[in-house]
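# Per-entry structural report
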Amino acid sequence: MTDVLIVDDEVLIRTGLRAVIDAEPGFTVVGEAADGAEVLPLVRSLRPDVVMMDVRMPRVDGIQATRTILSTVPEPPRILVITTFENDDYVYEALRAGASGFLLKRARTEEIIQALRTVALSDSLLFPAAIRGLAARHASGRDADRVRAARLTDREGEVLTLMARGLSNAEIAGELVVSVETVKTHVGNVLAKLQARDRTQAVIAAYESGFVSPSQSPP
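Here's a quick rundown of the structure. (Residues numbered from 1 in each chain as written. Predicted model: local features only at pLDDT ≥ 70, side-chain atom pairs only at ≥ 80, totals over all residues. Heavy atoms only, no water.)

A tally of regular secondary structure across the protein chain gives eleven helices and five strands. For 219 residues, the compact-globule formula gives about 17 Å, and the C-alpha radius of gyration of the protein chain, at 17 Å, lands near that figure. A buried classification covers 50% of the 219 residues belonging to the protein chain. Restricting to contacts in the protein chain with at least 6 residues of sequence separation, those with at least 24 account for 69%. Side-chain charges in the protein chain split into 25 positive and 30 negative, and the spacing between the mean points of these groups amounts to 4 Å. (Helix = DSSP H or I, 4+ residues; strand = E, 2+ residues; numbered from the N terminus. Rg over C-alpha atoms; globule rule 2.2 N^0.38 Å. Buried < 20%, exposed > 50% of the residue type's maximum accessible area, 1.4 Å probe, protein only. Contact = heavy atoms within 4.5 Å. Lys, Arg positive; Asp, Glu negative; His and termini not counted. Charge placed at Lys NZ, Arg CZ, Asp CG, Glu CD.)

Written out as structure tokens, the structure is:
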């Protein structure tokens, strides 16, 4: 069972998301909050697997709430940012702060569930094309030496490039003709060397360092 905490200042959004999630086997909504200021105590008491976090809220926004959770909770949940516009500057900053992905508020039911599954499992990148577009707009010149300083092996570099394309562990295994377990080992090494919490953070680092170019990545 995947436990979900919903954080949004709009009651209708929270109600709609709860109805969708609670109707899906394997998922349950364990709590709700109307502002980022309310999130930390709820995360500590309810221990959700995923927090669906509105990026814009009146008191504490999703960016600051994400930073607070990830810096203070020993085993923090995954953060899935929910937003109105996918090219919002706030979305990219939330991803840089440690969110594992984002979801548009107008998403269809199947997209909501798939996004939750992807973020909870963390074995593939959520909406790689959109993240690539955000990186192209915002990543210029940031963290130029981060990947180089990590001293990835050639194979780890290949894995990071395929991660940036949005391939799952199984798809990377097929591309490189190795086992899924071998891919998991390489992914773990990449995350450790880049000091990235998950593959989303690793991919952002790849774009920001210029290791992977958004303009050269496949659609």
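With that settled, the discussion passes to the sheet that holds strand β5 (residues 101-104). Within a beta sheet, neighbouring strands are joined by backbone hydrogen bonds and run either parallel or antiparallel to one another. Pairing is parallel in the open sheet, where five strands are placed in the order β2-β1-β3-β4-β5. Each end of this open sheet is capped by a strand with a single partner; those strands are β2 (27-33) and β5. Across this sheet, the average inter-strand angle for adjacent strands is 25°, counted without regard to direction. Looking at chain direction, strand β3 (residues 50-54) and strand β4 (residues 78-83) are connected through five bridges and run parallel. By the bridge assignment, Met 53 is partnered in β4 with Val 81. (Pairing = 2+ DSSP bridges. Axes fitted to C-alpha atoms, helices over the stretch in contact; angles between N-to-C directions.)

Here the focus is the layout of surface pockets. In this structure, the largest pocket spans a volume of roughly 200 Å³. Around the largest pocket, the lining comprises 13 residues; the ones closest to its centre are Arg 96, Ala 97, Gly 98, Arg 146 and Gln 201. For the lining of the largest pocket, the secondary-structure elements that each account for two or more residues are α4 (89-97) and α11 (199-209). Ranked by the residues each element gives to the lining of the largest pocket, the list is headed by α11, at four residues. (1 Å grid on protein atoms, 1.4 Å probe; cavity = no way out; pocket = protein on both sides within 12 Å on 5 of 7 lines; lining within 4 Å. Points joined across faces, edges and corners; volume = space filled by probe spheres on them.)

Two faces, one strand: in a regular strand the side chains alternate between the faces of the sheet. Counting buried residues in β3 gives five out of five residues, a clear majority hidden from the surface. Of the two faces of β3, both are covered, the one formed by Val 50, Met 52 and Asp 54 as well as the one formed by Val 51 and Met 53. With four bridges connecting them, strand β1 (residues 2-7) and β3 associate as parallel partners. In the sheet register, Val 7 faces β3, and the bridge partner there is Met 53. Between the parallel elements β3 and β4, the chain passes through helix α3 (residues 62-72) in a crossover that is right-handed. (Right-handed = clockwise from strand over helix to strand, strands pointing away.)

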